[in-house]
Amino acid sequence: MTTLRERNIEIEIPDALNGRKFDDRTHGLSHCMKAVDFIVELTDRILFIEIKNPPDTASLPPNAKGDYVEQFLSGGEDAEFYYKCRDSFLYEWAAKRTKKPIYYLILVAFARLTKADLVARTEALKRKLPVVDAVPETAGWQGSFVAGCAVFNLDTWNQAFPTYSARRISA
């Protein structure tokens, strides 16, 4: 069983061959490359997992940085998500660890996101990434970059992946 933990969000992936924190100091290239939070290898695919756990804005002081969820919904995080996926792919490709299809999953642990919000952000992300079915045949690629991507909150994650339990734990 692989357990991924980002602050107070925990995901258990029982069938992982291995899983590792990727955006830590062992990455070694954080001065020039972005990184997803976790990389998990399953028997048939690789998961790039990014976890966003924005603070409850009601508890923030009045002079705090703007509302993360509003920024997220307006597409303000799209470039960051794109660069994290692209740079993580390049890093793994250079290490010859991209032999399986890669799926990029973003978990935004904020309940106020609706299914429609999550679908809209997923579609926006698909337009930025060269997802397999969006790469024109004329590109002549022999391999793929990202097989798929999706954006979730805790509820939709657990619906989509009932065996990959995601939950908020006490600090």
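*Asks:* Honestly, the sheet that holds strand 5 (residues 46-52) in this entry has me stumped. Any pointers?
*Replies:* Overall, mixed pairing links the 5 strands, which are arranged 3-4-5-6-7 in an open sheet. Every other strand in the sheet has two partners, leaving strand 3 (18-21) and strand 7 (148-152) as the edge strands with one partner each. Adjacent strand axes in the sheet meet at a mean angle of 15°, parallel and antiparallel pairs treated alike. With 7 bridges joining them, strand 5 and strand 6 (residues 102-108) adopt parallel strand pairing. Each residue of the ladder has a partner; that of Ile-46, found in strand 6, is Ile-102. Across the sheet, helix 2 (residues 78-94) lies against strand 3, strand 4 (38-41), strand 5 and strand 6, angled at about 145° from strand 5, the strand it touches most. The strands touched by helix 3 (residues 115-128) are strand 6 and strand 7; relative to strand 7, the strand with the most contacts, the crossing angle is about 150°.

*Asks:* Which parts of the structure should I look at to understand the nonpolar core?
*Replies:* Nonpolar side chains tend toward joint burial in soluble globular proteins. Core analysis: the biggest nonpolar cluster contains 28 residues, and Phe-48, Tyr-104, Val-108, Leu-125 and Leu-129 have the highest contact counts within it. Breaking this core down by element, the ones donating at least two residues are strand 5, helix 1 (68-73), helix 2, strand 6, helix 3 and strand 7. If we skip the residues at most four places from it in the chain, Leu-129 touches Tyr-82, Cys-85, Tyr-104, Phe-145 and Cys-149. Within the second largest apolar cluster, 21 residues are counted, among which are Leu-4, Ala-150, Phe-152 and Ala-166.

*Asks:* Just checking my understanding: could you explain the pairing of strand 2 (residues 9-13) for this structure?
*Replies:* One face of the sheet, then the other: side chains in a regular strand alternate in exactly this way. Among the 5 residues in strand 2, 4 count as buried, and that is most of the element. Strand direction decides the pairing type here: strand 1 (residues 2-6) and strand 2, joined by 5 bridges, are antiparallel. Paired with Glu-6 across the two strands is Ile-9, which belongs to strand 2. Counted along the chain from strand 1 to the antiparallel partner strand 2, the turn is 2 residues long, and its residue Arg-7 has a positive phi close to 50°.

*Asks:* Looking at this model, I keep getting lost on helix 3. Mind explaining?
*Replies:* An α-helix turns once per 3.6 residues; consequently, residues spaced three or four apart project the same way. With 14 residues, helix 3 extends 20 Å between its outermost C-alpha atoms, agreeing within 8% with the 20 Å of an ideal straight helix rising 1.5 Å per residue. For helix 3, every residue scored as buried is listed here: Leu-118, Arg-121, Thr-122, Ala-124 and Leu-125. In an axial view of helix 3, the angular spread of the buried residues amounts to 165°, which keeps them on one side of the axis. Facing away from the buried surface of helix 3 by more than 90 degrees, the exposed residues are Lys-115, Ala-116 and Arg-127. Elements that come into contact with the buried residues of helix 3 comprise helix 1, helix 2, strand 6, strand 7 and helix 4 (154-160).

*Asks:* I'm lost on the confidence of the model for the protein in this one. Help?
*Replies:* Predicted coordinates in areas of low pLDDT are best not read in detail. Taken residue by residue, the protein gives an average pLDDT of 86. The fraction at 70 or more is 85%. Highest mean pLDDT in the protein belongs to strand 4 (97); lowest belongs to helix 1 (84). With pLDDT under 50 throughout, residues 57-64 is counted as low confidence; its partners more than four residues away or in other chains account for 4 contacts.

*Asks:* Before we go on, may I ask you to explain the side chain of Asp-87 in this structure?
*Replies:* Checked against the element boundaries, Asp-87 lands in helix 2. Given a relative accessible area of 5%, Asp-87 falls into the buried group. A polar side-chain atom of Asp-87 sits 2.9 Å from the main-chain amide nitrogen of Lys-34. A polar atom in the side chain of Asp-87 sits 3.0 Å from the side chain of Arg-86. Among all residues touching Asp-87, those that are not within four sequence positions of it are Cys-32, Met-33 and Lys-34.

*Asks:* So what exactly am I meant to see when it comes to the packing of aromatic side chains here?
*Replies:* Using the criterion set out here, one finds 7 aromatic pairs in the structure. When the centroid spacing of 5.0 Å and the interplanar angle of 75° are considered together, the rings of Phe-22 and Tyr-91 count as edge-to-face. Placement of Phe-22 in the loop between strand 3 and strand 4 and of Tyr-91 in helix 2 is noted, with a sequence separation of 69 residues between them. Judged by relative accessible area, Tyr-91 falls into the buried class, the value being 19%. Grouping aromatic residues by their ring pairs yields a cluster made of Phe-152, Trp-157, Phe-161 and Tyr-164. The ring of Phe-38 is capped by Lys-21, whose NZ or CZ atom sits 4.8 Å from the centre of that ring. Lying over the aromatic face of Tyr-103, Arg-45 brings its terminal NZ or CZ to 5.3 Å of the ring centre.

What counts and what doesn't
- In every chain, residue numbers begin from 1 and rise along the written sequence.
- pLDDT decides what is reported in this predicted model: residues at 70 or higher carry local features, side-chain atom pairs at 80 or more are listed and counted, and totals for whole chains, interfaces and linings draw on all residues regardless.
- To obtain the side-chain values, all non-hydrogen atoms of the structure were used and water was disregarded.
- Pairing between two strands is assigned when DSSP locates at least 2 bridges connecting them.
- Helix and strand assignments follow DSSP, with helices taken as H or I runs no shorter than four residues and strands as E runs no shorter than two, numbered in order from the N terminus.
- Helix axes are fitted to C-alpha atoms over the stretch in contact, other axes to C-alpha atoms as well, and angles between N-to-C directions run from 0 to 180 degrees.
- In this description, contact between two residues means that some pair of their heavy atoms is separated by no more than 4.5 Å.
- In this text, buried Ala, Val, Leu, Ile, Met, Phe, Trp, Tyr and Cys residues form a nonpolar core when linked through side-chain atoms within 4.5 Å.
- Only protein chains enter the calculation, and the probe is 1.4 Å; a residue is then buried if its accessible area is under 20% of its type maximum, exposed if over 50%, and partly exposed in between.
- Helices are assigned an expected span. That span is 1.5 Å times one less than the residue count.
- Working note: the arc is built from the helix axis to C-beta atom directions.
- pLDDT is a per-residue confidence score from the predictor, ranging from 0 to 100.
- Residues adjacent in sequence count toward polar contacts only when both atoms are side-chain atoms; beyond that, a polar contact is any pair of N or O atoms within 3.5 Å, and within protein one must be able to donate a hydrogen and the other to accept it.
- Aromatic contacts are taken between Phe, Tyr and Trp rings whose centres are within 6.5 Å, Trp giving its six-membered ring; a plane angle under 30 degrees counts as stacked, one over 60 as edge-to-face, and the others as tilted.
- Definition used: whenever NZ (Lys) or CZ (Arg) falls within 6 Å of the ring centre and also within 35 degrees of the ring normal, the charge is taken to sit over that ring.

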